[in-house]
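# Structural features, examined
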Amino acid sequence: MTNQYPPYLDKLNETQREAAMKIDGPVMIIAGAGSGKTRVLTYRIAHIIKQGIDPFNILSLTFTNKAAREMKNRIESVVGSEARNLWMGTFHSVFAKILRIEAEHIGYPKDFTIYDTDDAKSLIKTILKEYQLDEKLYKPGLVYNRISNAKNNLINSKDYKSIPELIEADASQGRPQIGQIFEAYQLRCFKAGAMDFDDLLLNTFRLFKGHPNILFKYQHKFKYIMVDEYQDTNLCQYMIVKKLAASHENLCVVGDDSQSIYSFRGASIQNILNFEKDYPDLATFKLEHNYRSSSNIVNASSSIIAKNKEKLHKNIFTENEAGEKINVIKALSDNEEGRFVAQMIFEEKNQKQLQNSDFAILYRTNAQSRSFEESLRKNNIPYRIYGGTSFYQRKEVKDMIAYLRLVINPNDEEALKRIINYPVRKIGNTTIEKLTFVANQNQTTIWEVIKNIHLIKDFGAAAHHVRNFYMMMSNFQSMATTKTAYEVAETVAKSSGLVSMLKEDKTVEGVARYENIVELLNAIKEFTEDDTTENEKSLSLFLQDIALLTDADKETDDNNKVTLMTIHSSKGLEFKNVFVVGLEENLFPSQLSLNSRQELEEERRLFYVAVTRAEEKLTLSFATSRFKYGNLIPCEPSRFIDEIDKQYLDFTHAQRSSNATLFKPKEETNNYGKGYGMNVGRMISNPLPTIKTSANFIPSDNQLIKVGDKVEHQRFGMGTVISVEDTGENKKATVQFIETGSKTLVLKFAKLMIHS
DNA sequence: TACTAAGCTCTTTTT
DNA sequence: GAGCTTAGTA
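Residues numbered from 1 in each chain as written. Chains lettered and ligands numbered in written order. Predicted model: local features only at pLDDT ≥ 70, side-chain atom pairs only at ≥ 80, totals over all residues. Heavy atoms only, no water.

## Side note on the overall build of chain A
Along the backbone of chain A there are 28 helices and 24 strands. For chain A, with 756 residues in total, the buried portion stands at 54%. Sequence-distant contacts, at least 24 apart, represent 75% of the contacts inside chain A between residues at least 6 apart. Carbon and sulfur atoms provide 49% of the accessible area of chain A, an area that totals close to 34,400 Å². (Helix = DSSP H or I, 4+ residues; strand = E, 2+ residues; numbered from the N terminus. Buried < 20%, exposed > 50% of the residue type's maximum accessible area, 1.4 Å probe, protein only. Contact = heavy atoms within 4.5 Å. Areas by Shrake-Rupley, 256 points an atom, 1.4 Å probe, with all protein chains shown as cover.)

Structure representation (structure tokens):
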């Protein structure tokens, strides 16, 4: 390899540069956390453009649209404005764009609707009702997951019904009809001119598979292809990429097996292994130098991931200073955890002159955000929550969007059902059911039935109301052919009665809802008037855009806020100061992810992702009790805390005495506090009667326990080891507990934590 | 058809 | 605690 390289690559280290300059042929970049992966991708693309390749011929698939936008800007600063022509975005958004162009070849309208998860589940519910299946047995969410999994593995409804393993699996669970539901679901989506998230991928695959000429077109268009976060792609995505790259084979995938956290979505480490098999002349680069975090954090994270059996060999190192130790915090409840964290942010901010945006609170589940929101608000610390219910998920916004969807695609059944009687127009459930029935009988859509309602006798008075609705909607539709997206939306908002209804509601929530509609209209206006791109600005495109928009994509004017998000959505981000909270058994690792070693290892990778977000300071916290469905339940610290090499941890804040600290669940308090919302648990001095026994919180290596160690037991509190005995079968330790006296514990089962 | 109160069921992560 | 469904009433 030559030592000569273009000056714009001088910000890269040697391996990074080699990876950026190897632009021809298949390339795999294994990039550890904080190793400058985005930087390599950015400069690699810039380098390709500098070689005279038209940006139009480069496809880069990223994890979020925001990441794509940021990368584009950075590339632009190296190569100039032509970078704007790059094809960059998420799998879903890029393929939606292609499908929009090629829709007719697979029988879809150009303006197809994108069903989100709610739409999909609602459609499944309707189908269940029509088939008279038990909604308790065929839970819509579960059925949706089965269908989604199948699609991600390139199995269509016909295949599904002919694969013995799937038939058996469903039958053994007492759900033999999933195949049928799948088929009906697919048909209904197709008739409605709608695709769900998985269809965007599956239909792209089908398009390329069934139309070699179209595949050929895109193969030649995309001369260079890059895939970021490759460890999180599923089979369908993998196959599409493979097809697209087949003629040039200038394919570069970037990923980190240690950060693979989306197997529930069909992602598989197998894709990395397959990649090596499919492209024997592959060039592999390993980025192992962590530039992001202090060496304490880097080393601690390595000690975590070392516990996983399934991983590629990597040797992550850093030249950064040791930094502070990782703080472990014990709180008595989720509320106290919130207060602690808010207080620590407040103090750190003042001590070290940090910005709010230097802090992030990361949790396993969205529901955990509540206690942090409360305490941050009390401390006047601005924060922003990512995920959860985003702007476009709010009811009133979805209602308004449903109208617009229906204007663009009148066959969109889910949109129609959502708003046909909202605001109330005297078209009740009975009428809607009748309409659906007639539509199904005549192999047509509800809209067609509505259109011809006057030809059908048995609708009685309802026919009149339906007719009115039809007139209104077709008015909007004809308007959409001549007016701008904003003009249409404004008219819809006013004439549909939606806005006037919301205006009447003077409650705080009502006003907020009204303001959200105004904000939506503004967003449409902005979209319509955006002259920075040459793209078309139709209402239809706006709808497709926002269907694939995630919370992380949204820009805000004031960015100096503490970030609250799930660990999943924190991937790819970094913060000076990170709090990983709720480190309790059954929460993190999740109770639902303890069925196999593979599942536990994925949870561990998730923990690894969380820890490696931190640059300078990391705090881990757990609570000993937590609200769950309104009841306070006892919690044990997560095994993950125990798995970290102790030399990197600081337990100062975890050792506070836990006298009289257990809360009695609300249920058992004679209705004390009933109706008062939170904090209704009553403090009691006795331990709770039972704590579910588990072998979860054993020391990572119980050889480590030795006489004189200070240990903490979930139930018995702090103590000192007075003897250790090995019976051959079991290792036992006798511990003198401060509060309850001495106990002999079988280490295999004991829930002990060693304090350094 | 619309509204209200009571009752039931939830447990994960995302495009 | 929240969101949803159901039963009963206006």
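Here the narrative resumes, following the displayed structure.
## Thoughts on the protein's contact with DNA strand B
Looking at DNA strand B, there are 26 residues lining it, with Arg 265, Arg 364, Val 424, Thr 430 and Tyr 629 nearest. Of all atoms in DNA strand B that approach within 4 Å of the protein, 48% are sugar or phosphate atoms. A distance of 2.3 Å separates a base oxygen of DNA strand B from a polar atom in the side chain of Arg 364. Within the surface near DNA strand B, the residues separate by chemical class into 6 nonpolar, 15 polar and 5 charged. (Near = heavy atom within 4 Å. Polar contact = N/O pair within 3.5 Å; in protein donor to acceptor, adjacent residues only side chain to side chain. Nonpolar A, V, L, I, M, F, W, Y, C, P; charged D, E, K, R; others polar.)

## A few points about helix H11 (residues 212-221)
Owing to its 3.6 residues per turn, the α-helix aligns residues three or four sequence positions apart on the same side. Within H11 the residues assigned to the buried category are Ile 214, Leu 215, Tyr 218, Gln 219 and Lys 221. Burial along H11 is one-sided: seen end-on, the buried residues are contained in an arc of 165°. Away from the buried face of H11 by more than 90 degrees, exposed residues Pro 212 and Asn 213 are located. (Arc of directions from axis to C-beta.)

## A word on the packing of aromatic side chains
Taken as a whole, this structure holds 15 aromatic pairs when the rule is applied. Look at Phe 275 and Tyr 279: their rings are 4.9 Å apart centre to centre, the planes differ by 45°, and that puts the pair in the tilted class. One exposure class covers both Phe 275 and Tyr 279, and it is buried. Each member of the aromatic cluster is reached from another via a ring pair, and the members are Trp 87, Phe 208, Tyr 218 and Phe 222. Over the face of the ring belonging to Phe 63 we find Lys 571, whose NZ or CZ atom lies 3.9 Å from the ring centre. (Phe/Tyr/Trp six-rings, centres within 6.5 Å; stacked < 30°, edge-to-face > 60°. Lys NZ or Arg CZ within 6 Å of the ring centre and 35° of its normal.)

## Some points on the pairing of strand E6 (residues 224-227)
Of the two faces of E6, the one lined by Tyr 224 and Met 226 and the one lined by Ile 225 and Val 227 are each fully buried. The pairing of strand E2 (residues 58-61) with E6 spans 4 bridges and is classified as parallel. Its bridge partner lying in E6, Ile 58 is registered against Tyr 224. As paired elements, E6 and strand E7 (residues 251-255) share 3 bridges and run parallel to each other. (Pairing = 2+ DSSP bridges.)

## Side note on the nonpolar core
Soluble globular proteins tend to pack their nonpolar side chains together in the buried interior. Ranked by internal contacts, the top residues of the largest apolar core, which has 51 residues, are Met 400, Phe 469, Met 473 and Leu 520. When residues in this core are grouped by element, the largest group, 8 residues, is from helix H17 (residues 395-408). Formed by 44 residues, the second largest nonpolar core is a distinct cluster that contains Leu 99, Tyr 108, Phe 208 and Ile 240. (Core = buried A, V, L, I, M, F, W, Y, C linked by side-chain atoms within 4.5 Å.)

## Description of the pairing of strand E10 (residues 359-363)
Counting buried residues along E10, 5 of its 5 residues qualify, which places the element largely inside the surrounding structure. Burial along E10 is two-sided: Phe 359, Ile 361 and Tyr 363 and Ala 360 and Leu 362, pointing in opposite directions, are all buried. As judged from the 4 bridges shared by E10 and strand E12 (residues 562-566), these two strands associate in the parallel manner. What sits directly across from Leu 362, in E12, is Met 565.

## Considering the packing of helix H5 (residues 117-130) against helix H9 (residues 178-191)
In contact at an axis separation of 10 Å, H5 and H9 are set at 120° when each is read in the N-to-C sense. Judged on the interaxial angle alone, H9 and H5 are oblique. Every pair of crossing elements has a handedness; the one defined by H5 and H9 is right-handed. Residues Ala 120, Leu 123, Ile 124, Thr 126, Ile 127, Leu 128 and Glu 130 of H5 form the contact with H9, whose own contacting residues are Ile 181, Ala 184, Tyr 185, Arg 188 and Cys 189. (Axes fitted to C-alpha atoms, helices over the stretch in contact; angles between N-to-C directions. Parallel < 35°, antiparallel > 145°, perpendicular 65-115°, else oblique. Left-handed = near helix turned anticlockwise from the far one by under 90°.)

## Focus on the sheet that holds strand E14 (residues 614-623)
Pairing within the open sheet is parallel, and its 7 strands lie in the order E11-E12-E10-E13-E14-E9-E17. The sheet is open, and its two borders are formed by strand E11 (383-385) and strand E17 (649-650), each paired with just one other strand. Summarising the sheet, strand E13 (residues 575-580) and E14 pair through 5 bridges and their orientation is parallel. Looking at E14, one finds that Val 580 is bridged to Leu 620. The strands touched by helix H14 (residues 295-305) within the sheet are strand E9 (326-331) and E14, with E14 carrying the most contacts at an inclination of about 55°.

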